[in-house]
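A look at the structure
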Amino acid sequence: MTKKMLFDTQILTNELICDDVYLMKFKNEEFAKTVRPGQFVQVSTDFNNQTFLRRPISIFDVEMENNIIMLLYKVVGKGTKYFSSLKPNDNINILGPLGNSFSLEHNNPLIIGGGIGVAPLKYLVREMNKNNIKPDLILGFSCAEQAKMARLFNDLDCNINICTDKKSEYFHGNSCQLAAVVLEDNQYDSIYACGPNIMLQNIPQVSIPTYVSLEEYMACGVGACLGCAVKTTVGSYVHVCKDGPVFEAKGVILNE
Amino acid sequence: MNKLKQTLFGVDFNNPVFSDSGTFGYGRDYEDFIPVNEIGAVVTKGTSLVEWKGNPAPRIYETAAGMLNSIGLQNPGIEHFLLNDLPYLIEKNAKVILNVAGHTAEQYEEIVTKCQDYTQQIHALEINISCPNVTEGGMAFGTNPDIVYELLTKLKKVSDIPLIAKLSPNVTDIVEIAKAAESAQVDSLSLINTLSGIAIDIKTKKPVLGNIYGGLSGPAIKPVALKMVYQVSQACKVPIIGMGGIMNSTDAIEFFLAGASAIQVGTAVFVNPKVHHEIIKGINQYLSDNNYTHLSDIIGLSWKE
Ligand SMILES: Cc1cc2nc3c(=O)[nH]c(=O)nc-3n(C[C@H](O)[C@H](O)[C@H](O)COP(=O)(O)OP(=O)(O)OC[C@H]3O[C@@H](n4cnc5c(N)ncnc54)[C@H](O)[C@@H]3O)c2cc1C
Ligand SMILES: Cc1cc2nc3c(=O)[nH]c(=O)nc-3n(C[C@H](O)[C@H](O)[C@H](O)COP(=O)(O)O)c2cc1C
Ligand code: FES
């Protein structure tokens, strides 16, 4: 397990990507050196803003040369609204890196992201690229505006297939429909997916290892409170923050 | 001199700032931030006779200045604790308070009995008769003074380890319950557990939590907790361990002034994993600034003549 850190950091940039999605950057050398793809951080919120628990946000990308960490987040409520109000040089407090990480043992993966669920996938692809693996990606969004997030993947070595629920210049349909098409024409040895629960439930059933990155409400983020429980197929509970967020799909029940 | 050293029920604690039950696991989860020997004591997750699986998700939900939880006392059971977690806590030199949970009086008794081989390693047993999140036992035991008396008397008979009764705020008169526990000869009282509550999602129009009800903790409950400590510490002679919404040293000092001899910090650690250290430092500073030689000088000052 990676050593957890707790530190204040100055925001370098916090820029609007599309609609309600922002990209935040901060710098920390030790963190950049230890964090693994799939891990997340617990970001402090502001008590004056009627929130006090931290919010879990995935590691979107790491710029190794400059020790810059990137978070991609969507404004959905008070906590993320507060994040979007922060300016360069404002301070945030970070707890992390937390959780397990994606397996890097497969050579020919299909990677599926839905909406803001693309967030943990970029750093995954970057690390795969380091092993000379050039994965196929399916990135599904509600509309063309949201699909602007996909541009952030352009500096990676991968094949990006975009789809949108609303009619647009891209494939018309959701990411699971596009995945079904792509799976027919290709031989993959694994699937990696992150997105809304409904998407994860509809990933085409195939015999290859399928990894899903899950979300649950969190309090501690370190395995102490047992709040972020997900039921397993054998009837026990595992915890997203410590046993996950990445699980093999066949081991967890996504619609308890 | 250590101004914070506290001796309660014959046990020396380096300081009066403990973790609380259910927010600190068995001590390992926060080890990167809080070495377990640096807080007064580790109060463990509520532990039952056999493994309890806990409640369906979602189990937590943030509310205004607080949070609801309905964990349902998920824990691996007493044997697992004795085999896997207690050795870690001993090795790290922690003071250990085991929080005990049961569905029936017999289950409580069996756990307490099993602990008697560890009288040197387990420093106290905190009897959880106040969990709002399990259907049988838990709070059902803690809301009727006769049952409180009966259960604790039974446990006291089989225990050489000091007993702390953890009280529920979900009662009409907490003083009555506290007195019933005291007359059963328990060594200390801890209060409060969470306040029973609910949250409803206006989109689905249904309760948010998988278990429907949850227990409210955090800053929102502090005034309620403080009042109960203020009342119970005047009505009872045994030392009071206070908790409920303590976020910083100012909150902690209020609890000592209200009559607590030690405090537990729970929800705050989710926000600030170093909060125990900051509280310890803040209490020390307060005592120095006000020329007190020891923590005991301020306990109950809000009501003492
Ligand atoms: C491991 C992990 C990694 C995550 N990574 C990212 C990321 O990289 N980018 C990103 O934008 N979001 C991510 N999320 C989700 C993010 O944590 C929530 O959107 C955020 O906590 C919402 O906070 P809020 O105060 O803005 O909204 P709230 O006011 O708390 O809630 C607004 C809405 O969001 C839903 N919600 C709140 N918290 C969660 C949660 N933990 N899981 C699912 N739904 C929730 C609520 O049901 C509600 O409908 C991640 C979640 C987890 C568990
Ligand atoms: C996630 C969570 C789990 C808890 N689990 C237990 C438990 O197992 N046994 C118990 O006696 N109290 C439990 N509690 C109650 C706390 O120990 C404490 O009494 C309460 O949270 C008030 O303190 P706080 O506001 O500092 O958190 C739990 C509280 C929380 C938030
Ligand atoms: S958030 Fe506390 S155990 Fe996962």
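Quick note: structure is the one above.
About the thresholds
Residues numbered from 1 in each chain as written. Chains lettered and ligands numbered in written order. Predicted model: local features only at pLDDT ≥ 70, side-chain atom pairs only at ≥ 80, totals over all residues. Heavy atoms only, no water. Near = heavy atom within 4 Å. Polar contact = N/O pair within 3.5 Å; in protein donor to acceptor, adjacent residues only side chain to side chain. Areas by Shrake-Rupley, 256 points an atom, 1.4 Å probe, with all protein chains shown as cover. Helix = DSSP H or I, 4+ residues; strand = E, 2+ residues; numbered from the N terminus. Expected span 1.5 Å × (residues − 1). Buried < 20%, exposed > 50% of the residue type's maximum accessible area, 1.4 Å probe, protein only. Arc of directions from axis to C-beta. Contact = heavy atoms within 4.5 Å. Buried area = accessible area lost by both parts, 1.4 Å probe. Salt bridge = Lys/Arg side-chain N within 4 Å of Asp/Glu carboxyl O. Nonpolar A, V, L, I, M, F, W, Y, C, P; charged D, E, K, R; others polar.

So, on to the site of ligand 1. Taken together, 20 residues are adjacent to ligand 1, and A:Pro56, A:Lys74, A:Gly79, A:Thr80 and A:Tyr217 come closest. Proximal residues around ligand 1 fall on chains A and B, making this an inter-chain site. Interatomic distance of 3.3 Å between a side-chain N/O atom of A:Glu215 and a nitrogen atom of ligand 1. Between B:Lys203 and ligand 1, the recorded distance is 3.4 Å, taken from a side-chain N or O atom to an oxygen atom. If ligand 1 stood free it would expose 850 Å²; the protein chains cover 79% of that surface. Those elements that place two or more of their residues in the shell around ligand 1 are strand E5 (55–58), strand E7 (68–74) and helix H2 (78–85) of chain A. Here the element with the most residues in the shell around ligand 1 is E5(A); it accounts for 4 residues.

In this section: helix H9 (residues 275–289) of chain B. It helps to recall that an α-helix has 3.6 residues per turn; residues three or four apart then point in one direction. Residues and elements named next belong to chain B. End to end, H9 covers 21 Å across 15 residues, agreeing with the expected 21 Å (1.5 Å per residue, within 8%). Among the residues making up H9, those that are buried are Val275, His276, Ile279, Ile280, Gly282, Ile283 and Leu287. Angularly, the buried residues of H9 cover 165° about the axis, an arc narrow enough to put them on a single face. Exposed and oriented more than 90 degrees from the buried face of H9 are Lys281 and Asp289. On the buried face of H9, the contacting elements are strand E3 (17–19), helix H7 (249–258), strand E16 (262–265) and helix H8 (267–271). Just beyond H9, the residue with positive phi is asparagine 291, at close to 55°.

Time to look at the interface of chain A and chain B. If you look at the interface, chain A gives 31 residues, while chain B gives 34 residues. Both faces considered, chain A and chain B share a buried interface measuring about 2600 Å² in area, 62% of it formed by carbon and sulfur atoms. Sorting the residues of chain A by area buried against chain B places A:Phe52, A:Tyr217 and A:Tyr237 first, and these three jointly supply 24% of that buried surface. With a shortest N-O distance of 2.9 Å, B:Glu62 and A:Arg55 are connected by a salt bridge. The interface formed by chain A and chain B contains 8 residue pairs in polar contact (both at pLDDT 80 or more). By residue class, the composition of the side of chain A that touches chain B is 17 nonpolar, 7 polar and 7 charged.

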